[in-house]
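Chains, contacts and geometry: an overview
Chain by chain, the residues run as shown.
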Amino acid sequence: MQLEGSCHCGAVRFSVQSHEPVPFMRCYCSICRKTAGTGGFAINLGADHRTLKVQGEDQLSVYRARMDDGSTSSGQRHFCRQCGTALWLYDPQWPDLVHPHAGAIDTPLPSPPAVTHMMLGSKPEWVAVVVDREDRIADTYPEESLADWHQRHHLTR
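Read on for a plain summary of the structure. These numbers come from a predicted model, not from an experiment.

For the protein chain, the helix and strand inventory stands at two helices and 12 strands. Each helix (α) and strand (β) of the protein chain, taken in turn from the N terminus, gives the series β-β-β-α-β-β-β-β-β-β-β-β-β-α. Taking 2.2 N^0.38 as the reference for a compact globule, 157 residues should give roughly 15 Å; the C-alpha atoms of the protein chain span a radius of gyration of 15 Å, in line with that estimate. Along the longest, intermediate and shortest principal axes, the C-alpha atoms of the protein chain span 45 × 40 × 30 Å. Put simply, 57% of the contacts in the protein chain that link residues at least 6 apart link residues at least 24 apart. Per element, the accessible surface of the protein chain, about 8,800 Å² overall, is 48% carbon and sulfur. Taking the average place of the 15 positive charges on the side chains of the protein chain and the average place of its 18 negative ones, the gap between the two points comes to 4 Å.

Encoded structure:
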């Protein structure tokens with residue numbers, strides 16, 4: 001599926017091909033929550049980094065999170081330096097992948113048949129988690145990947 005995305009002010013626009021376009025995985029970790037979360041979580045999609053095309057690249061900034069052990073994450077969180085919109089995460093450890101933030105996508109996305117709530121061990125008390133019968137929960141990273149979830153639900157594009 002071709003995804004089109006942009007920041008709030010329009011300084012950055014991007015497109016990317018995604019085989020995992022369903023916004024099903026909610027991450028409650030402090031990094032996602034504080035850099036891109038709105039309701040206490042962020043939703044990342046899976047896409048092919050080789051297809052990423054960016055307009056307004058000079059308006060991008062990159063944040064690499066500081067980890068609890070004092071090290072710096074290899075994950076590069078790209079955002080608009082004008083309006084602060086979180087756009088995508090890229091990690092050179094997985095060079096073929098890029099993870100656009102669902103909130104930055106302008107293309108209509110499919111509705112998920114179920115949700116995975118991950119990193120619930122990092123969730124603050126004020127965040128209410130509504131878990132439906134088909135949803136899955138994980139205190140840390142779930143065993144099922146973005147690709148595996150899409151395959152299980154026959155939603156790979």
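Now for the state of the cysteines. In a disulfide, the sulfur atoms of two cysteines are covalently bonded to one another. Counted under the stated rule, the structure contains zero disulfides. Free of any disulfide, Cys 80 has its nearest cysteine sulfur in Cys 7, 3.7 Å distant. Given the relative accessible area of 0%, Cys 80 is considered buried.

Pairing is antiparallel across the open sheet formed by three strands, whose spatial order is S1-S2-S6. Looking along the sheet, the strands with just one partner apiece sit at the ends: strand S1 (2-6) and strand S6 (53-55). Taken over all neighbouring pairs, the strand axes of this sheet differ in orientation by 15° on average, direction set aside. In this structure, strand S2 (residues 13-17) lies alongside S6, joined through three bridges in antiparallel fashion. Looking at S6, one finds that Arg 13 is bridged to Gln 55.

Time to look at the side chain of His 99. Along the chain, the position of His 99 falls in strand S10 (residues 97-100). A distance of 3.0 Å separates the side chain of His 99 from the backbone oxygen of Leu 45, its partner in a polar contact. If sequence neighbours within four positions are ignored, His 99 has contacts with Asn 44, Leu 45, Gly 46, Trp 88, Leu 89 and Leu 146.

So, on to the pattern of salt bridges. Using the criterion set out here, one finds four salt bridges in the structure. Between Asp 48 and Arg 50 there is a salt bridge; the shortest N-O distance is 2.9 Å. Exposure remark for Asp 48: the relative accessible area of 15% places this residue in the buried category. In this structure, Glu 134 and Arg 133 form a salt bridge, with 3.6 Å as the shortest nitrogen-oxygen distance. Assigned by exposure class, Glu 134 and Arg 133 land together as exposed. Sharing partners across several salt bridges, the network here consists of Arg 136, Glu 144 and Arg 152.

This part covers the side chain of Glu 144. Looking at the secondary structure, you find Glu 144 in the loop between strand S12 (136-137) and helix H2 (146-152). Here the side chain of Glu 144 touches Arg 136 through a polar contact of 3.4 Å, side chain to side chain. When near neighbours in sequence (up to four residues on either side) are disregarded, Glu 144 contacts Met 25, Arg 136, Trp 149 and Arg 152.

To continue, consider the packing of aromatic side chains. Within this structure, the stated rule accounts for three aromatic pairs. Relative to Phe 41, the ring of Tyr 28 lies with its centre 5.4 Å away and its plane at 55°, an arrangement referred to as tilted. Within this pair, whereas Tyr 28 is found in the loop between strand S3 (25-27) and helix H1 (30-35), its partner Phe 41 is found in the loop between H1 and strand S4 (42-43), the two being separated by 13 residues in sequence. In terms of burial, Tyr 28 and Phe 41 fall into one category: buried.

Cut-off values and rules
- Residues numbered from 1 in each chain as written.
- Predicted model: local features only at pLDDT ≥ 70, side-chain atom pairs only at ≥ 80, totals over all residues.
- Heavy atoms only, no water.
- Helix = DSSP H or I, 4+ residues; strand = E, 2+ residues; numbered from the N terminus.
- Rg over C-alpha atoms; globule rule 2.2 N^0.38 Å.
- Contact = heavy atoms within 4.5 Å.
- Areas by Shrake-Rupley, 256 points an atom, 1.4 Å probe, with all protein chains shown as cover.
- Lys, Arg positive; Asp, Glu negative; His and termini not counted.
- Charge placed at Lys NZ, Arg CZ, Asp CG, Glu CD.
- Disulfide = S-S within 2.5 Å.
- Buried < 20%, exposed > 50% of the residue type's maximum accessible area, 1.4 Å probe, protein only.
- Pairing = 2+ DSSP bridges.
- Axes fitted to C-alpha atoms, helices over the stretch in contact; angles between N-to-C directions.
- Polar contact = N/O pair within 3.5 Å; in protein donor to acceptor, adjacent residues only side chain to side chain.
- Salt bridge = Lys/Arg side-chain N within 4 Å of Asp/Glu carboxyl O.
- Phe/Tyr/Trp six-rings, centres within 6.5 Å; stacked < 30°, edge-to-face > 60°.

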